[in-house]
Amino acid sequence: MTTELLFRDDAYLKTATARVVAVGERGIECDRTVFYPQGGGQVGDTGVLLRADGERIAITDTRKGDAFDSVVHLPAPGTALPEVGETVTLEIDWARRHALMRLHTALHVLSCVVAAPVTGGNIAPDKARLDFDIDMSLLDAQKIERETNALIARGIDTETVWITDEELDARPELVKTMSVQPPRGAGRVRLLRIPGIDLQPCGGTHVKNIGEIGAIRVLRIRSEGRRNRRVEIALAG
Ligand SMILES: [Zn+2]
């Protein structure tokens, strides 16, 4: 069953009331959710599902379900499970998610500092990385850090834009990340625009203004295979 993805329109929603629509081996599905399911390089949200009687069910991860736009909340092993039809309150671990949003948006900025095809990426709560198809000699950690932080300091508002599949097909240059397919499915594709800096398909969660990222640090740059150069970053504060 399709889940209403509340984080897609408002990444700052920390909590929502929802109805349980399925409880299975894989986890708990609701009619709507604030939990982001692992995808596009961003890890799944954690948090808690609160039952009406006050019982707290810890959610240790969130994944996409089998159906289009469906989301499965993974409960901690051994916890009680809610009943189908029950109304519950969903609460994400906001500190963790906000760090993910800041790091995720930082990768959009980083992808514009390093002028090379992106071959992969990952966002965890404590660090994030992008892989580039580029010669190692062209990557200077201090320069990347300085230029990324200079762009972040511009404090530009981010925008979500939707285009049709056909519009995206007509503009293949928008797809920078070869390993992550654009979030297609309903005939339209979601893009993140940072005016003057970046525009690319992305289904993830972002901060409203890049100034909210704060300064980043380049943790390391290393070779990952013949063509991959991995740039790993963390939030400086
Ligand atoms: Zn994104």
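1. Quick word on the pairing of strand S15 (residues 228-235)
By the bridge criterion, six bridges tie strand S10 (residues 128-133) to S15 in an arrangement that is antiparallel. Its bridge partner being in S15, aspartate 131 is matched across the sheet by arginine 230. Looking at chain direction, strand S14 (residues 216-224) and S15 are connected through eight bridges and run antiparallel. Each residue of the ladder has a partner; that of arginine 222, found in S15, is arginine 230. Between S14 and S15, which pair antiparallel one after the other, the connecting turn spans three residues, and glycine 225 there sits at a positive phi close to 90°.

2. Observations concerning the pairing of strand S13 (residues 198-201)
Two elements, strand S12 (residues 188-194) and S13, share four bridges in a ladder whose sense is antiparallel. Bridge pairing in S13 links leucine 191 to proline 201.

3. Observations regarding helix H3 (residues 141-152)
Because an α-helix packs 3.6 residues into every turn, residues spaced three or four apart end up facing the same way. Between its first and last C-alpha, H3 extends 16 Å over twelve residues, near the 16 Å set by a 1.5 Å rise per residue. For H3, the full list of buried residues reads Glu145, Thr148, Leu151 and Ile152. Across the axial projection of H3, the buried residues extend over an arc of 135°, all falling on one side. Those residues of H3 that are exposed and angled more than 90 degrees off the buried face are Gln142, Arg146 and Ala150.

4. Concerning the sheet that holds S10
Strand order in this open sheet of four strands is S9-S10-S15-S14, and the pairing throughout is antiparallel. This sheet does not close on itself; its edge strands, each paired only once, are strand S9 (118-123) and S14. Sheet twist, expressed as the mean angle between neighbouring strand axes with direction ignored, is 15°. Of the strands in this sheet, S9, S10, S14 and S15 touch helix H2 (residues 94-113), which is tilted by about 20° from S10. Against the sheet, H3 engages S14 and S15, with an angle of about 135° to S14.

5. Describing the nonpolar core
Core analysis: the biggest nonpolar cluster contains 43 residues, and Ala106 and Leu110 have the highest contact counts within it. Top contributing element to this core by residue count: H2, with seven residues. If sequence neighbours within four positions are ignored, leucine 110 has contacts with Leu130, Thr148, Val231 and Ile233.

6. Considerations on the domain arrangement of the protein chain
According to the domain assignment, the protein chain contains domain 1 (4-92) and domain 2 (97-235). Taking only C-alpha atoms into account, the centre of domain 1 sits 27 Å from that of domain 2. In this complex, domain 1 contributes twelve residues to the contact, which on the side of domain 2 involves 16 residues. Classifying every residue of the side of domain 1 that touches domain 2 gives six nonpolar, four polar and two charged.

Rules and cut-offs
Once a new chain begins, its residue numbering starts again from 1 and follows that chain's sequence as written. For a predicted model such as this one, the threshold for reporting local features is a pLDDT of at least 70, and the threshold for listing and counting side-chain atom pairs is 80 or more; totals across whole chains, interfaces and linings nevertheless cover every residue. When DSSP finds two or more bridges between two strands, those strands count as paired. Helix numbering and strand numbering both begin at the N terminus, where a helix is a DSSP run of H or I of at least 4 residues and a strand a DSSP run of E of at least 2. By this rule, a helix spans an expected 1.5 Å times one less than how many residues it contains. Each residue is classified by how many other C-beta atoms fall within 10 Å of its C-beta atom, where C-beta atoms are placed from the backbone; a count of 20 or more means buried, 12 or fewer means exposed, and values in between mean partly exposed. In this description, one arc is meant: the one made by directions from the helix axis to the C-beta atoms. All axes here are fitted lines through C-alpha atoms, helices being fitted over the stretch that makes contact, and every angle between N-to-C directions spans 0 to 180 degrees. By definition, residues are in contact whenever their C-beta atoms, placed on the basis of the backbone, come within 7 Å of each other. Linking buried Ala, Val, Leu, Ile, Met, Phe, Trp, Tyr and Cys residues through C-beta atoms within 7 Å yields a set, and such a set is a nonpolar core. Where each domain starts and ends comes from a domain assignment, either automatic or drawn from a database. Residues are grouped as follows: Ala, Val, Leu, Ile, Met, Phe, Trp, Tyr, Cys and Pro are nonpolar; Asp, Glu, Lys and Arg are charged; all remaining types, including Gly, are polar.

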